[in-house]
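# Examining the three-dimensional arrangement
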Amino acid sequence: MNQAIPHRFPIGIDPEDIDFMGHVNNASYLKWVQAAVLDHWRALAPAEAAASHLWVAIKHEITYRKPAFLEDDVIATVLLEKVQGARAFYETVIRRGEEVLAEVRSSWCCIDADTKRPARLARDVIQRFFPAERKDEEG
């Protein structure tokens, strides 16, 4: 599963994101990654799966490369690396133009919306995120 569809998510920087040094506070990157990953899920998952599953973050590893500022145009590119059981592993790169501002590796747990227990996704749902794998199976 390495042919995932990259998902681009524009990030709006709010005045509340700016810290005492005049750039985006590190904590805001977590908020951005969560919004980007959830947007990715809603964009590609079937409506029924999106309605019946929730995602909770388990772990984030962030490497900060350069600061972001209030007026910057920032894009997060989300890539689902793999799904294993009820867990999903993501890489998110946050950029200003071609400059990498931060790289984030994160893992998430899929939760059944009704029971609030970990839930595995159906194979056909997972394949929506990996179209090359789907073509290999069809062809």
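Counting from 1, residues in each chain are numbered in the order their sequence is written. With the structure being a predicted model, the display of local features is reserved for residues of pLDDT at least 70 and the display and counting of side-chain atom pairs for 80 or more, all residues being used for whole-chain, interface and lining totals. Only hydrogens and water are removed before side-chain values are computed, so all heavy atoms of the structure are retained for them.

### Overview of the packing of aromatic side chains
Aromatic pairing here means that ring centres of Phe, Tyr or Trp (its six-membered ring) are within 6.5 Å. Orientation follows from the plane angle: under 30 degrees is stacked, over 60 is edge-to-face, and everything else is tilted. The full count for this structure, using the stated rule, is 4 aromatic pairs. Aromatic pair W41 and W55: ring centres 5.5 Å apart, planes at 70°, arrangement edge-to-face. Placement of W41 in helix α1 (residues 26–44) and of W55 in strand β2 (residues 53–64) is noted, with a sequence separation of 14 residues between them. One exposure class covers both W41 and W55, and it is buried. Here a helix means four or more residues in a row that DSSP labels H or I, a strand means two or more in a row labelled E, and each is numbered from the N terminus. Accessibility here uses a 1.4 Å probe with only protein chains present; expressed as a share of the type maximum, an area under 20% marks a residue as buried, one over 50% as exposed, and anything in between as partly exposed.

### Here we look at the environment of F69
Checked against the element boundaries, F69 lands in the loop between β2 and β3 (74–84). In this structure F69 comes out as partly exposed when scored by relative accessible area, which is 36%. Along the backbone, F69 and P15 are 54 residues apart, and their C-alpha atoms lie at a distance of 9.5 Å. Whether two residues touch is decided by their heavy atoms; if any such pair falls within 4.5 Å, the residues are in contact. Once you skip the residues sitting within four places of it in the chain, F69 turns out to touch I13, I18, G22, H23, V24 and R96.

### Quick word on α1
It helps to recall that an α-helix has 3.6 residues per turn; residues three or four apart then point in one direction. Over its 19 residues, α1 extends 28 Å from the first C-alpha to the last, a length consistent with the 27 Å expected when each residue adds 1.5 Å. The set of residues buried in α1 consists of S28, Y29, W32, V33, A36, V37, L38, H40, W41 and L44. By the N-cap criterion, in which a side-chain oxygen at the helix start approaches the backbone nitrogen of a residue two or three places on, α1 is capped by N25, the distance to A27 being 2.8 Å. To estimate how far a helix should extend, the number of its residues minus one is multiplied by 1.5 Å. In protein, a polar contact means a hydrogen-donor-capable atom and an acceptor-capable atom, both N or O and within 3.5 Å, with residues adjacent in sequence counting only if both atoms are side-chain atoms; elsewhere, any N or O pair within 3.5 Å suffices.

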